[in-house]
Amino acid sequence: MKKIGLWLIGLYLLLYILPLGSRPLFEPDEVRYGEIAREIVVSGDWVVPRINGLRYFEKPIMGHWLNAIAQLIFGQNNFAVRISSAIASGFSALLLFMLVRRGSDEKNFALAVTGIFLSCGLIYFVGTFSVLDAIFSAWVTATLVFFYCAAVAVGSKARFLYLLLAGVACGCAFLTKGFLAFVIPAVTIVPWLIWEKRYRDIYILPWVPLIMVIIVIAPWSYLVHLRDDDFWHYFVLVEHFQRFTAKVKSQHPQPFWFFIPILLGGTLPWVFLLPGMVAGFRGKLKVLFEQSLMRYSACWLVFPFLLMSCSSGKLGPYILPCFPAVAILIGAGLREYLKVGGPGMFFRKTVYVLVGASAIMLIGLAVIQTLYFLDITNFALYDRGEIGKLIIVTVAILAFGLGMLSSLRRDIASVYRLVRFGLSVLPVFLAWHFIVPNLVIDDKVPARFIKEIADRIKPDTVIVSYKNHVTSLAWYLKRNDIYVYRRGGELTYGLEKPDAENRLLSEEGFVEFIKNKPKGQHVAMFVDSDKQFKVLPPFSRYFLHGENYLVEYD
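This section reports on the structure supplied with the text. (Residues numbered from 1 in each chain as written. Predicted model: local features only at pLDDT ≥ 70, side-chain atom pairs only at ≥ 80, totals over all residues. Heavy atoms only, no water.)

Helix and strand counts for the chain come out as 26 helices and eight strands. Rg of the C-alpha trace for the chain: 26 Å, near the compact-globule value of 24 Å for 554 residues, within the 12% margin. For the chain, the C-alpha atoms occupy an extent of roughly 80 × 65 × 40 Å along the three principal directions. Here the chain holds 554 residues, and the buried ones make up 55% of them. Pairs at least 24 residues apart make up 72% of the contacts formed inside the chain by residues separated by at least 6 positions. On the chain, roughly 25,100 Å² of surface is accessible, and the fraction owed to carbon and sulfur atoms is 66%. Averaging the coordinates of the 55 positive side-chain charges in the chain and doing the same for the 40 negative ones gives two points 11 Å apart. (Helix = DSSP H or I, 4+ residues; strand = E, 2+ residues; numbered from the N terminus. Rg over C-alpha atoms; globule rule 2.2 N^0.38 Å. Buried < 20%, exposed > 50% of the residue type's maximum accessible area, 1.4 Å probe, protein only. Contact = heavy atoms within 4.5 Å. Areas by Shrake-Rupley, 256 points an atom, 1.4 Å probe, with all protein chains shown as cover. Lys, Arg positive; Asp, Glu negative; His and termini not counted. Charge placed at Lys NZ, Arg CZ, Asp CG, Glu CD.)

Structure (structure tokens):
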């Protein structure tokens with residue numbers, strides 16, 4: 001068991017930690033959270049999060065604190081921007097191991113569930129990307145794990161301690177993403193206690209966590225109210241109630257069933273073993289769900305999933321808090337399947353399908369790239385300067401296919417076949433940090449363009465930007481005084497505040513701005529289309545890179 005645990009830790013460090021600084025930051029999320037943390041560090045203001053010097057209240061402060069601490073330790077770089085998400089994913093895995101060890105007598109089962117969790121596609125990609133979802137999910141996981149430990153604890157001291165920890169974790173979850181920190185545990189715990197027929201505990205157990213939640217969230221909540229007495233109105237009414245009920249236009253409107261394919265696809269590669277899981281559960285549901293942990297896992301998956309499906313706005317990572325329960329249920333299904341003699345025919349067919357898909361991908365990639373290199377077509381995933389990325393893609397897909405085939409060896413016990421099956425996808429996970437094509441980088445990563453023209457931006461240059469590039473410019477140029485052109489977007493709240501100093505410029509306002517600027521003052525304007533030229537005043541020159549334009553006024 002110890003050896004397997006060390007292997008898991010090694011794989012976690014290799015996959016989640018080491019590659020974090022190897023790829024550029026993507027707009028808008030990664031640059032946004034990097035810039036908010038940078039401005040906290042530079043300004044010393046740990047109460048009011050800001051972007052480009054403007055108040056930014058879409059989320060509370062905890063995630064920004066963690067990102068800022070990472071920058072204090074590691075500097076203002078890509079690794080520091082992403083490390084909080086990676087550590088949060090590792091923390092979730094550790095908590096999951098702790099939960100399963102407490103709820104099951106099988107030592108290896110806890111390690112298997114932890115490995116399944118860390119190798120799920122959604123967990124990996126969100127865990128190596130700078131968004132708040134991995135951090136929020138870790139705090140929610142901690143809340144639910146500590147509450148379960150309290151509920152099954154024998155001694156009153158242990159129960160009290162776990163309830164304290166559950167309250168601290170829940171308070172941190174609230175400070176990361178708001179009121180979902182209360183709702184997700186509530187819709188999990190209450191149905192579970194009812195299922196366990198522990199009706200009295202519904203009224204007794206939550207009090208200690210609730211007191212700790214108040215203690216944790218009160219200091220920042222009060223301080224931010226002093227700094228901006230409109231914060232709670234905006235955060236509660238607009239960012240929570242109105243967006244959930246679609247009384248304001250949702251940022252990410254999706255149908256009710258949106259999370260179903262996300263849930264299935266997010267468990268890659270394990271979703272391919274779904275027939276085996278079903279076979280493992282067949283005829284054993286009653287016995288399995290007599291176990292308290294299995295009941296808890298089922299409530300943890302079903303009710304938060306339904307809750308988030310009811311929201312008007314949805315993004316794939318929102319479902320992340322359900323995945324610890326998903327890993328437990330996958331592990332339980334495969335464990336029962338192995339007890340009846342699997343893997344069988346479906347396992348072999350699954351492997352053959354995946355190997356065939358790998359071969360098709362390699363052939364298709366080779367054909368497309370060959371046609372491009374022979375100047376027969378104008379499109380390819382990689383251009384002539386990206387041969388290294390093409391080699392990495394090829395090696396990763398080959399490793400995936402060979403890993404699949406190795407899981408079919410007849411001299412390998414069933415459990416180790418499943419281990420090899422899970423490990424086979426890891427080269428693909430690792431490779432993605434190094435294979436992002438330039439055509440994606442030019443669209444989602446303005447860093448190259450900004451660095452190319454950085455020497456044209458002097459300390460006294462006035463910068464004006466359209467849409468999402470504001471945050472990227474602030475991050476790469478280390479500025480917080482950029483004017484916003486036409487649309488405020490996610491910065492609208494801060495732009496409406498008195499301290500914004502008319503930083504939002506309309507088309508007419510920009511024309512007037514250029515007309516009245518001091519003679520010789522240099523103005524650099526960033527737009528993403530030459531269609532904007534029709535409404536711009538005459539300019540001195542412009543530069544083009546991909547879809548981005550720099551327009552200059554002397």
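Looking now at the packing of helix α7 (residues 133-152) against helix α8 (residues 156-177). The angle between the axes and the distance between the axes are what describe a pair of packed helices. Contact geometry of α7 with α8 gives a least axis separation of 8 Å together with a crossing angle of 160°. Relative to α8, α7 is oriented roughly antiparallel. Considering how the two elements wind past one another, α7 and α8 form a crossing that is left-handed. Here α7 contributes Asp 133, Ile 135, Phe 136, Trp 139, Val 140, Ala 142, Thr 143, Phe 146, Phe 147, Cys 149, Ala 150 and Ala 151 to the contact with α8, which in turn contributes Arg 159, Tyr 162, Leu 163, Leu 165, Ala 166, Ala 169, Cys 170, Cys 172, Ala 173, Thr 176 and Lys 177. The class makeup of the residues in the contact of α7 with α8 is 18 nonpolar, two polar and three charged. (Axes fitted to C-alpha atoms, helices over the stretch in contact; angles between N-to-C directions. Parallel < 35°, antiparallel > 145°, perpendicular 65-115°, else oblique. Left-handed = near helix turned anticlockwise from the far one by under 90°. Nonpolar A, V, L, I, M, F, W, Y, C, P; charged D, E, K, R; others polar.)

Looking along the chain, the bond that leaves Glu 27 and enters Pro 28 is cis, with omega of -5°. Looking at where Pro 28 falls in the secondary structure, it is placed in the loop between α1 (2-17) and α2 (29-43). Residue Pro 269 is bonded to the preceding Leu 268 through a cis peptide linkage, with omega at 5°. Mapping Pro 269 onto the fold places it in the loop between α13 (259-266) and α14 (274-281). Positive phi values are uncommon outside glycine, yet Asn 52 reaches one of about 55°. Relative to the assigned elements, Asn 52 resides in the loop between β1 (50-51) and β2 (54-55). A positive phi is found at Arg 486, a non-glycine position, where the angle reads about 70°. For Arg 486, the location among the structural elements is in the loop between β4 (483-485) and α25 (492-495).

Turning our eyes to something else, we now look at the packing of α7 against helix α9 (residues 180-195). For the pair α7 and α9, interaxial distance at closest approach is 10 Å and the crossing angle is 30°. When the axes of α7 and α9 are compared, the crossing they make is right-handed. Only Leu 180, Ala 181, Ile 184, Pro 185, Thr 188, Ile 189 and Trp 192 of α9 make contact with α7, whose side of the interface consists of Phe 136, Val 140, Thr 143, Leu 144, Phe 147, Tyr 148 and Ala 151. Here the residues of the contact of α7 with α9 are counted per class, giving 12 nonpolar, two polar and no charged.

Structurally, Arg 335 is set in helix α17 (residues 323-339). Excluding residues that lie within four positions of it along the chain, Arg 335 makes contacts with Ser 104, Glu 106, Phe 109, Leu 288 and Gln 291.

The next point concerns the layout of surface pockets. Considering only enclosed or pocket space, the second largest pocket measures out at about 1,000 Å³ in volume. Around the second largest pocket, the lining is made up of 30 residues, and of these Ile 4, Leu 111, Ala 112, Val 415 and Val 419 lie nearest the centre. Contributing elements (two or more residues each) for the lining of the second largest pocket: α1, α5 (107-118), α17 and α20 (414-423). At eight residues, the largest contribution of residues to the lining of the second largest pocket is made by α1. Looking at side-chain class alone, the lining of the second largest pocket contains 21 nonpolar, five polar and four charged residues. (1 Å grid on protein atoms, 1.4 Å probe; cavity = no way out; pocket = protein on both sides within 12 Å on 5 of 7 lines; lining within 4 Å. Points joined across faces, edges and corners; volume = space filled by probe spheres on them.)

Let us now look at the packing of aromatic side chains. This structure, assessed with the given rule, holds 38 aromatic pairs. Taken together, a centroid distance of 6.5 Å and an interplanar angle of 15° make the contact between Phe 510 and Phe 513 stacked. Pair noted here: Phe 510 and Phe 513 are both in helix α26 (residues 507-516), with a separation of three residues, about one helical turn. No difference in accessibility class separates Phe 510 from Phe 513, as the two residues are buried. Every member of this aromatic cluster is reached through a ring pair, and the members are Tyr 466, Tyr 483, Tyr 485, Phe 510, Phe 513, Phe 533, Phe 539, Tyr 542, Tyr 549 and Tyr 553. Here the guanidinium or amino end of Lys 478 rests over the ring plane of Trp 475, the centre of that ring lying 4.2 Å away. (Phe/Tyr/Trp six-rings, centres within 6.5 Å; stacked < 30°, edge-to-face > 60°. Lys NZ or Arg CZ within 6 Å of the ring centre and 35° of its normal.)

To continue, consider the nonpolar core. When a protein is soluble and globular, its nonpolar side chains tend to lie buried together. By size, the foremost hydrophobic cluster in this structure holds 153 residues, and its most contacted members are Tyr 16, Trp 270, Leu 273 and Ile 319. In terms of residue count, the dominant contributor to this core is α7 (15 residues). With sequence-adjacent residues up to four places away left out, Tyr 16 is seen in contact with Leu 11, Ala 86, Ser 89, Leu 118, Ile 123, Tyr 124, Gly 127 and Thr 128. Listed in part, the 16 residues of the second largest apolar core include Val 462, Val 464, Phe 513 and Phe 533. (Core = buried A, V, L, I, M, F, W, Y, C linked by side-chain atoms within 4.5 Å.)

With that out of the way, let us pick up empty space enclosed by the protein. Enumeration over the complete set of coordinates arrives at two cavities of 30 Å³ or more. A volume near 50 Å³ is recorded for the largest cavity. At the level of secondary structure, the elements contributing two or more residues to the lining of the largest cavity comprise α4 (78-103) and α7. The element contributing the most residues to the lining of the largest cavity is α4, with three residues. Along the lines of polarity and charge, the residues of the lining of the largest cavity split into five nonpolar, three polar and no charged. Counted as a void, the second largest cavity has a volume near 30 Å³. Forming the walls of the second largest cavity are Pro 446, Phe 449, Ile 450, His 469, Leu 473 and Phe 526. Only α23 (447-453) and α24 (469-477) provide two or more residues apiece to the lining of the second largest cavity. Per-class residue counts for the lining of the second largest cavity are five nonpolar, one polar and no charged.

Turning our eyes to something else, we now look at α9. Taking 1.5 Å of rise per residue, 16 residues should cover 22 Å, and α9 covers 23 Å from first to last C-alpha, within 8% of that figure. Within the sequence span of α9, burial applies to Ala 181, Ile 184, Pro 185, Thr 188, Ile 189, Pro 191, Trp 192 and Leu 193. At the C-terminal side of α9, Lys 197 shows a positive phi close to 60°. (Expected span 1.5 Å × (residues − 1).)

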